[in-house]
Amino acid sequence: MRYLGLLAVCSVLLSMNVRADDSNTASGTVNMGDKYNLEIKHVYLLSAAEGEDKGRRLIFSPIDIAAVIDGCATISCVMDELDEGMELQLDTGKNMTLRGVANEGRFGDFSTLDRSWLKTTSDTPNAVDGVLAHDHSHLGGGMVTNIEFKARLTKAFSR
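Anyway, here's the lowdown on the structure attached to this text. Residue indices begin from 1 for each chain and proceed along its sequence in written order. Where totals are concerned, whole chains, interfaces and linings use all residues; where local detail is concerned, this predicted model gives features only for residues with pLDDT of at least 70, and gives and counts side-chain atom pairs only at 80 or more. Excluding hydrogens and water, the side-chain figures rest on all heavy atoms present in the structure.

This part is about the nonpolar core. Counting 24 residues, the largest nonpolar core has Leu58, Phe60, Leu88, Leu132 and Phe149 as its most contacted members. Among the elements of the structure, strand E1 (25-32), strand E2 (36-40), strand E3 (42-48), strand E4 (55-61), strand E5 (85-89), strand E6 (95-102), strand E9 (127-135) and strand E10 (143-157) are those that each provide at least two residues to this core. It is E10 that contributes the most residues to this core, 4 residues altogether. The contact criterion used throughout is that any non-hydrogen atoms of two residues lie within 4.5 Å. Excluding anything up to four places from it in sequence, Phe60 contacts Ile40, His42, Val43, Leu82, Gly85, Met86, Leu88, Leu132, Ile147 and Phe149. Throughout, nonpolar core names a set of buried Ala, Val, Leu, Ile, Met, Phe, Trp, Tyr and Cys residues whose side chains join them through atoms within 4.5 Å. Accessibility here uses a 1.4 Å probe with only protein chains present; expressed as a share of the type maximum, an area under 20% marks a residue as buried, one over 50% as exposed, and anything in between as partly exposed. The helix count covers DSSP runs of H or I at least four residues long, the strand count covers runs of E at least two residues long, and both are numbered beginning at the N terminus.

The structure is reproduced here in structure tokens:
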């Protein structure tokens, strides 16, 4: 009987953990020129409170990088550690900054986007849901994104 109670508690804890993981979802693609096509499966909402890194960022990745984020002391560390994926800086006024990396970090792309490329259904300090769809291919191999996502605050950095 005691084992059944323990099993029930473990089952509840496991289901709570699964629901927490399900709160961040992403589906879509990032194409960087003709060479690098990433299938995005994960999104992370990060925030920083101080210094020039103040604001929120969405990190899109083909792989789960939660452990990398957890191990970083600063928000800029996350992008430094990202080998494949993309960072969208929010809270930067009329334009947003988009940085993409591929090929184990050896290829990078940078774009400044008008906020009209990001269509949100929810945008609060702790949650951003929406679609990021932009096409800079007319710039001679520029980045093209089409990602639907739902992001909850993953980590708030103090610096």
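Turning our eyes to something else, we now look at the packing of aromatic side chains. Any Phe, Tyr or Trp ring, taking Trp's six-membered ring, that has another such ring centre within 6.5 Å forms a pair; planes under 30 degrees apart are called stacked, those over 60 apart edge-to-face, and the others tilted. Across all of its chains, the model carries 2 aromatic pairs by this definition. Geometrically, the ring pair formed by Tyr36 and Phe107 is tilted, given 4.8 Å between the ring centres and 35 degrees between the ring planes. In this pair, Tyr36 is assigned in strand E2 and Phe107 in strand E7 (residues 107-114), connecting sequence segments 71 residues apart. A relative accessible area of 18% means that Tyr36 is categorised as buried. Accessibility expressed as a relative area gives 27% for Phe107, which makes it partly exposed.

A few words now on the environment of Leu90. Structurally, Leu90 can be placed in the loop between E5 and E6. What makes Leu90 buried here is its relative accessible area of 2%. Considering only alpha carbons, one finds Leu90 and Leu118, 28 residues apart in sequence, at a separation of 9.9 Å. Among residues more than four places away in sequence, those in contact with Leu90 are Leu45, Arg56, Leu58, Met96, Arg115, Leu118 and Val128.

All right, on to the state of the cysteines then. Such a bond, covalent and formed between the sulfur atoms of two cysteines, is termed a disulfide. Note that a disulfide, as used here, is simply two cysteine sulfur atoms within 2.5 Å. As enumerated under the stated definition, the model contains 1 disulfide in all. The side chain of Cys72 participates in a disulfide bridge whose partner is Cys77; the two sulfur atoms lie 2.1 Å from each other. The sign of the S-S torsion, about -60 degrees, decides the handedness of the disulfide formed by Cys72 and Cys77: left-handed. With a relative accessible area of 5%, Cys72 lands in the buried category.

Non-glycine residue Asn103 carries a positive phi angle of around 55 degrees. Within the secondary structure, Asn103 sits in the loop between E6 and E7. Located in the positive-phi region is Glu104, a residue other than glycine, with phi close to 55 degrees. Note on placement: Glu104 falls in the loop between E6 and E7. A residue is classified by how much of its surface remains accessible, and Glu104, at 53% relative accessible area, is exposed.

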